[in-house]
Structures are given as structure tokens and as C-alpha cells.
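Architecture at a glance
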Amino acid sequence: MTRIPYWNISYGILIDLFALVAVIVFARGAYGHWLRIRQGKVRVRKAVDLPGKIGPVFVYALVTKGILGAKLYKKIFTGVAHGFLFWGMLVLGVGTTLVVLNVLFGLPVFQGGFNRWFMSFFLDLAGFAALIGLLFFLIRRWLPPERLVTPKARIGFSVQIGILMAVIITGFLVEGIRIAATGPDPYAFVGNFMAAWLPGSALAAHRILWWGHGLLCMLFIAYIPYSPMMHILLVPTNTALADPMPGSKMGVMDFSSFDDEDAEEMPTLGCTRLVDFTRKRLLDYASCLWCGRCHEVCPAASTEKPLSPKGVMVTLAERLTNGQVEDENLIDDITEEALFACTTCTACMEACPACINQPKTILKFRQNLVMEQSRIPELMGKAMTSLEQRAHPFFGTGSGPKEWCKDLDVPIFAKGETEYLLWIGCSVTYEERAQKIARAMVRILDRAGVSYGILEESRCTGDPAKQMGNEFMFSELAQTNIEEFDDLGVEKIITLCPHCYNSFTRHYPPMGGNYTVIPHAVFIDQLIAGGKIVPRSGGQSIVYHDPCYLGRRNRIFDAPRNVIGRLGRLVEMPRHGAESFCCGGGGGNYWAEEVGTRINQVRSKEALDTGAERIATACPFCLLMITDGTKKFTEEPKAFDIAELVAEGLE
Amino acid sequence: MHIAVLAKVVPDYEVPSADFELTDSRAHSRYTRMIGLYDENAIETGVQLKEACKAKLTIISYGKTEDISVLRKAIAMGGDALHLVMGDSDDPFVIAENLKMAIDGLGDVDLVLAGQQSADMDRGVVHSILAGMLGWQFLPQISRIQSEGDLWMVAQAHENGTRNLQFSGKGVLSITSIPENVPRIPVVRAIFAAKKKPVEKIEGIPGTPMNAKEVSVEIPKMESVCEFLPIEDMAETATTLLSKLREERYL
Ligand code: SF4
Ligand code: SF4
């Protein structure tokens, strides 16, 4: 029998009036979100040229991450449950709309195969899937994992889950009574099942349930913007507007107005109140799901440091909701210790299903602390002072700038003659252990017959200053380097440190420094692939630690692994690639007095637990941190840079 | 109240000994130049006092025009004015006389702060000579200063503790380093403001040098001696290490 819309219901069309009210309440709430977000600064950003980008919208990211929720599936159970709920509800929404169109315009949706397969079978399947998803989330709210409740759990989800469950259950009951009264609908498998248990004579109950179902639906819709369920709009929007380039994009600052005698007002550096942030950042805070995935992967949070990226987001989200956008106490509430505990590893960004840029917020606060308030932990402050005085942060070093290359005949870059600048960087120049990386690289380049040279004076790229929040110092160092590169006509640079690579490729171009930059791991891989060097395989097992600035931030995962594959057997740690765990040295934390468990010891233990004979890495900071970390567990030197392993294989 | 802080520009005090070279018996000119280590603690102490007492803070240096760009950091840290007495003597009496001239020129200075080291190979005598010339009291190794009415309450750091002192009138204090006077990182707007502040250049005077002549300067050769301590018993190893370090006068 053809299904009759509004069967057993009088004035069913009235539900559309309620729907109108619900939509108005919804729109009012959504507008409230916009009013709050609008208090941020308008983002001034040059358009990133990416295929498929329309205006500010990154269409690919919107579809994959915002709509398909690709990142959610990294946690498979949550991902599937979320998929069931989201797609189930979407299909049910489409079904309801079709019913309305049938009533208003006679759209023939209750006929033939479409009725059987979509309106009966598929809608039942969607409702069933959504119910399973809801059950999963309800149970998880009762028995939450640590990440959901630390440092704070979000209330309000359970109410909406409850309403939705009631909507679906009442829907099935209505369908069951209808089928019991009008005869079986072979494709509506849930409805038929319910009909077996329900009396077809319960017409009054049917009417009450029908109205209950409809009104609960409207209540759900109207309540969305006033509940965490608003994420169904906010998250896709945030995803669509988030630059999909990996890692935190800090841009560079223009300090010219500070030098301009006629400038009316000097801009505030960094952020101290919510209104100092851009609208995009405020959208970040509004979109945060409080899911704690960032907290779970954060090396600082997982080693008892006072930082939780989720905690930072939650604090800001609450202030935003409460309208405390001018609150000056934000930094003190989050605490300076927490803000400086961030290693800028961007594991949080990688894990965040809402595409939120947590490190950017943290760094904006740091910029304000350092550049406006002169507040910085003592050791970091010393490193920064050293950068200002000596153009490198390694205060108290026992090494001179030429020590790494004593007894070596290293060519100086000659204008118009040398092809590659071998950029040594500060850690390799001044830290005894890291100096061996440069010595190894020189052997490799000499063996391969590469035309390369170094600078006469070594200097830092400025990355530590930038990551500690001193953008001004970064820009001064970067400008000096760019001027020297221009004078020398440098076009191609080989870096030994991923922090230098990251600076040269991301932060130097907007300042006028455009070069072809190759991390040493990639260059070595190319030399091996081109047959320029043929390292001998030692047959040993080697576990590779992905440096955050090479892997997660710049997506260079394969080249170092190819190299290791030529030297021995590559072993992987449980956390590797984009999910790698930080060594603890980034963001200036190389100069930190760590509280709690030391991050480098956690990572070193993880590497040693694989049973591999050696630990390889491709970053001098990682090498120093892991060399130090392994000392807690073994006296044997275990950590090496891949350049050292390759050079050893050439002997 | 007017506080003057003495700041000098010295070669990088962290040049590793293996890398250290002399030209004309002085540190090679290639080394980065910076404000003296303890002088920055003195500046920080001065800035804190200025903030607490609503005082005026003048930075005084003896050196060359090239030093100005380095000394601007002292202004960026919170100094109100920079006075540079031009000269290149390294005789402590000559330097003290020149500094005295600058202080007399200011007329109303109540307190002079200086880093506990001098540029005279760290003997730290310039401040005491200066105090003698000014006829003011001299208190070395001061870690904390507080103004209470007409009195100055100061803490003097010793190897084995702290001595609290009080005095009235004017004084020259040499400042030591403590966590509370770690030099601040100048904030960006202060750096830019410091660039624009005029510097008072004062022509130096020849002064009366010591009756001594430099015959030669020698830098010791770097030598490393390694000794492995048995580590069966960590407590015993630590005790042995400590006693050895004391024996060698490292502690
Ligand atoms: S960038 Fe790394 S250390 Fe910083 S908050 Fe994110 S996960 Fe934690
Ligand atoms: S920032 Fe992202 S990962 Fe962290 S709690 Fe919010 S939504 Fe979850």
C-alpha cells in the first residue's frame, strides 16, 4: 500500500510553522556566534594559490576534512560512530524534506522503487545507524576517556544526544504503529520489527508520538546554536578557511611603523586579549570540540608540563562565549609557564579534527610576553640575549665558530663559482655533539664532488627567536642573512637543520629571500639515487625519529627512510611519520628547565624499546635531545644523524 | 632621585679560550662587543629601583663612539639618558676620573651602580677608586637595594650567605648577579625609542694614570686533563668529585 503522509494526523502541516519558528531561533543563535567572532581582527592575508580555492575557501579541505571528516577516522571507533550519526541524520533530514515536498507539491516520493529503497529501507538504515552512533556517544559521555575530561569536560552534548535519541526512537515507534495498522512495508526493516511489538490500534499514542517526534526535531534544530552541536556548522567553516599547509603558519611581521615618526599608533605585538586575535582564531575557539585529541598527543601535556592545548582552547572558548573579549588576564590565567612549555611540534594541529591552529595562538601570546612585556623563562631569556649579542643562542658554549671544521679543508662560498651554500646553523656550529653532523656532511659532499661552500661567519637563521616569540629578533637576523645571501648571489642552500629549512622556505620568502633549499637528508637521498655516493650497508637495524620540523611540518618522510634503507634495516616506532612524538627541543625548549618527565627521555625510551641497534635522526636538535635522553637508559652511544651513518658507510 | 649606572662595552666574555687571540695585548677586534656581564645586572637593578622610587636613571659609559649602538640596549632596558665619556684608556684611575667628571656634571646623582667586574681584566677596582674620588661610600657585591626614607637598605652577597647593611647619603655600589636582577629582554617599542634618544657625548680628560707600565700580556694555553672516577657507589663518586674540585680550587 502506498504510504500516506500525515497518516492519522490532523493539521500535520502545522509542523511546518513550528519548523519556521525553529529556523528563526536557530538563525538568531547562529548570528550570535557571528557577532562574537566578528569582534576579532579582519585577517590580512595574501591569497594562497591552491587549485580549487574559491575566495577564502579551501574547497578540498572543506570536503575532505570538513564534510567527510577524514581526520575523525584516526580514532576508528569514534570516527565510525560519528560517521553513522552524521550521515544517518543527513539522510533522515533529506527524507523529511522529501516528505514536506510531497505534502506541499505532490513530489512522488512514495511510489515505486524510490519509495521502497530510499523512503523505506534507506531511511530505516539511516535511523538505525544514527541510533548506534548516538548510543556510542552517550556511553562515552558516561564513561569518558581521559582526553574528554582533562582539563575540563564539555557539558551540553548529552542533552542534544538525548533529544536526538528521543527523536529517532519516537520516529521508529510512529513508523511501527503505522505499519502495524496499515500493513507491512517489506523494505522498512526497523519499522516492521517495531510493528511486530506494537498494536495497530494505538492511534492516540501514534498521534502523541508523531507530534512529540516532530516537536523534538524542532527543539533539536532550535537548540543547536546554543549547544556544542553547533560544531556541525562551525567545524566545516573553520576547516574551509584553514590553510591546509601543514604546521603553524606564523607569517612575518612588519616593524616599519615602529620606526615611522608620523605613525599614529604602533600596533600591539602578539596578543593579550581575545580582541587582539583575528576572526579566524576566534572561529578556532568557537569550533573547538573539547575532544582532547590535541591534549592526548601533546608532548608537554603528556609529560606533566603545565600546558594543555585543549586547556588553552577551552579557556579562550569560554571567554568568547561569555563575551570577555577585552579580558587582560588571559595570559595570567593560562600561565606563562604553560605558554613557554610548547615545543611548537604541531602534533596538536595534526590531531585536531576541527583544523584548529593551537600553536599559533600560543605563539601569539608568547610574542606579547616577549616583545611587549619582557617576560620569558630565564634560560630562554639567556638564549635570546645570546642571539641578540652573538647571533647564536648557545650561551656558555665552549666552542668557537671554527671548531667544527678544524683539520678539515672546507671551502668558503665563492660568488658566481659555488653552486650550493652549505648552511651550518647555530647548533651544529656550537654544540660539540652536533658538530659531527657537519663534519660528516663535508665528507659526503667531498666524496660526491658537489660544488659547495660555507659562509665565513656562521649565524643563526633566527628560528629559535621566532619560536620563542621574538619576531623582531628573528626579522633582524633574517634580514642580515638575506643581505649576505644577496651579496654572495646564493641561490641553492643545503641545510643540516630542519628548523633552518623551515625558516628559509616559509619565513624568508616574504622578506625577499627566495632560494632553492634542500634538507641534507633529501640531498643525501638524491646523491645515493644518482649513484654519486654508494654507502655500504652495515646490516644493522636502525630506528628513525622523525623531526617535527622536517616530517610533520614539511611532510618530508620518505627521503630519510630511503637513506636508512640503504644503510640497514629500517625500524619504526609506534609513533612515527606525521604522528611522531617530539624530542622536546623545539620552540626554544632546548633551553628549558623541564618540569615533570623529560620529553627526550620518553622519546628515547620509545626508540630503545624497538630493540633497534641505532637511532637515526635528521635534525641536530633532535640528535642532541635524544643523545641526552638515551643516557638515562644506556651508556652506549645510540643516536646518530643520518649524515654520520652515511659518512661511516663511505669509509 | 637620580641613579646613575656605569656600563662598559667589552669583547664577548664567552669567546672560548681555544679561540681567544690578542692584538696589541688586547682582545682581537673581531670579537662581538657587548655590555659587560654584571653591568647588565646593574642596569636591571637600576631599572627596578627607578620603577620603585620614581627615580631618573642615567647610564654613563667611558669608551668610543662605536660603543653607542651597543649601549643603546641600556636605554631600551629602561635608562632615561646615555652619557658617553670619550676615551680609550684602560687605566682604572683614568677611567674613574673620567666617570667622576660625568657624575659631577650631572650634579644631582644620589646613587651610582656598577657591575661587580670592571673591564680591567675583572679586577673590579674602578668603582672603588671612583667612590674614593667622589668621597662616597663604596659597597661591593650588592644583590638587593631598597630605599627606606633617608636610608638605603642593601644586601651584600657572600660566598656563604648574605649580609644586610644600611647607609645614608650617597654611595657607589657594585652589583652582583642574582635571579631577581637577570637583565630583561628589551621590549620592541623601547628598542625603537632607544634608537631615537640623543646621546650626550663628553670629551674625556687625560687623568692621572697609575705609575705602572704594561710589560706583556699572555693568555694561558688551554689544557684539558681527564680523570675517570669509579662509579660503583654513586654517593662516594660524588663525594670524591667534590673533594677533587675543591682541591683544584674550582669550587
Ligand atoms: S605544538 Fe606540540 S607542544 Fe605545542 S601545544 Fe601543540 S602538541 Fe603541545
Ligand atoms: S583543539 Fe581540536 S583537538 Fe583540541 S580539543 Fe579542540 S577540537 Fe579537539
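Residues numbered from 1 in each chain as written. Chains lettered and ligands numbered in written order. Predicted model: local features only at pLDDT ≥ 70, side-chain atom pairs only at ≥ 80, totals over all residues. Heavy atoms only, no water.

1. Thoughts on the overall build of chain B
Along the backbone of chain B there are six helices and 13 strands. Reported as C-alpha extents along the three principal axes, the dimensions of chain B are approximately 65 × 45 × 45 Å. When contacts within chain B are restricted to residue pairs at least 6 apart in sequence, those whose partners lie at least 24 apart make up 69%. Surface summary for chain B: the accessible area is close to 13,800 Å², and the carbon and sulfur share equals 52%. Distance between charge centroids for chain B: 7 Å, based on 26 positive and 36 negative side chains. (Helix = DSSP H or I, 4+ residues; strand = E, 2+ residues; numbered from the N terminus. Contact = heavy atoms within 4.5 Å. Areas by Shrake-Rupley, 256 points an atom, 1.4 Å probe, with all protein chains shown as cover. Lys, Arg positive; Asp, Glu negative; His and termini not counted. Charge placed at Lys NZ, Arg CZ, Asp CG, Glu CD.)

2. Describing the domain arrangement of chain A
The domains assigned to chain A are domain 1 (56-239), domain 2 (268-378) and domain 3 (534-650). For domain 1 of chain A and domain 3 of chain A, the distance between their C-alpha centroids amounts to 47 Å. (Domains from an automatic or database assignment.)

3. Concerning the side chain of Arg433 of chain A
Relative to the elements of secondary structure, Arg433 of chain A occurs in helix H20 (residues 432-448). A distance of 3.0 Å separates a polar side-chain atom of Arg433 of chain A from the backbone oxygen of Ala639 of chain A. (Polar contact = N/O pair within 3.5 Å; in protein donor to acceptor, adjacent residues only side chain to side chain.)

4. Thoughts on the packing of aromatic side chains
Residue and element names in this part refer to chain A. Using the criterion set out here, one finds 30 aromatic pairs over all chains in the structure. Ring geometry for Phe128 against Phe189: centres 6.3 Å apart, planes inclined by 80°, an arrangement best described as edge-to-face. With Phe128 in helix H4 (residues 112-142) and Phe189 in helix H7 (residues 189-195), this residue pair connects regions lying 61 residues apart in the sequence. We classify Phe128 as partly exposed; its relative accessible area is 39%. (Phe/Tyr/Trp six-rings, centres within 6.5 Å; stacked < 30°, edge-to-face > 60°. Buried < 20%, exposed > 50% of the residue type's maximum accessible area, 1.4 Å probe, protein only.)

5. A look at the sheet that holds strand E1 (residues 2-6) of chain B
Residues and elements named next belong to chain B. Spatial strand order, E11-E10-E9-E12-E8-E1-E6-E7-E13: nine strands in an open sheet with mixed pairing. Two strands in the sheet have a free side with no partner beyond their single neighbour: strand E11 (161-168) and strand E13 (199-203). Within the sheet, the average angular offset between the axes of one strand and its neighbour, ignoring direction, is 35°. Relative to strand E6 (residues 56-63), E1 is paired through five bridges, and the arrangement is parallel. Among the inter-strand pairings, His2 is bridged to a residue of E6, identified as Lys56. Those strands touched by helix H2 (residues 67-77) are E6, strand E7 (81-86) and E13, and its axis lies near 150° from that of E7. (Pairing = 2+ DSSP bridges. Axes fitted to C-alpha atoms, helices over the stretch in contact; angles between N-to-C directions.)

6. Brief notes about the state of the cysteines
Residue and element names in this part refer to chain A. Using the criterion set out here, one finds zero disulfides over all chains in the structure. Its sulfur unpaired, Cys497 is 4.2 Å from the next cysteine sulfur, which belongs to Cys500. A residue is classified by how much of its surface remains accessible, and Cys497, at 3% relative accessible area, is buried. (Disulfide = S-S within 2.5 Å.)

7. Examining the interface of chain A and chain B
At the junction of the two partners, chain A supplies 32 residues and chain B supplies 21 residues. With both chains or domains summed, chain A and chain B bury close to 2,200 Å², and 55% of this area falls on carbon and sulfur atoms. Considering only the surface of chain A that becomes buried against chain B, Gln389, Arg390 and Phe472 of chain A emerge as the three largest contributors, covering 26% of it. Glu388 of chain A is the partner of Lys73 of chain B in a salt bridge, and the nearest nitrogen-oxygen pair spans 3.6 Å. Here chain A is connected to chain B by seven residue pairs in polar contact (both at pLDDT 80 or more). Every element with two or more residues in the side of chain A that touches chain B is listed here: helix H10 (256-259), helix H17 (358-371) and helix H18 (378-390) of chain A. (Buried area = accessible area lost by both parts, 1.4 Å probe. Salt bridge = Lys/Arg side-chain N within 4 Å of Asp/Glu carboxyl O.)

8. Some details on the pairing of strand E10 (residues 151-158) of chain B
Along any regular strand the residues' side chains alternate between the sheet's two faces. Residues and elements named next belong to chain B. As judged from the six bridges shared by strand E9 (residues 137-148) and E10, these two strands associate in the antiparallel manner. Directly across from Ile145, in E10, lies its bridge partner Val154. Hairpin connection between E9 and E10: a loop of two residues separates the two successive antiparallel strands, and Gly149 in this loop has a positive phi of roughly 60°. One ladder, built from eight bridges, connects E10 with E11; its direction is antiparallel. Along E11, the bridge assignment pairs Val154 with Leu165.

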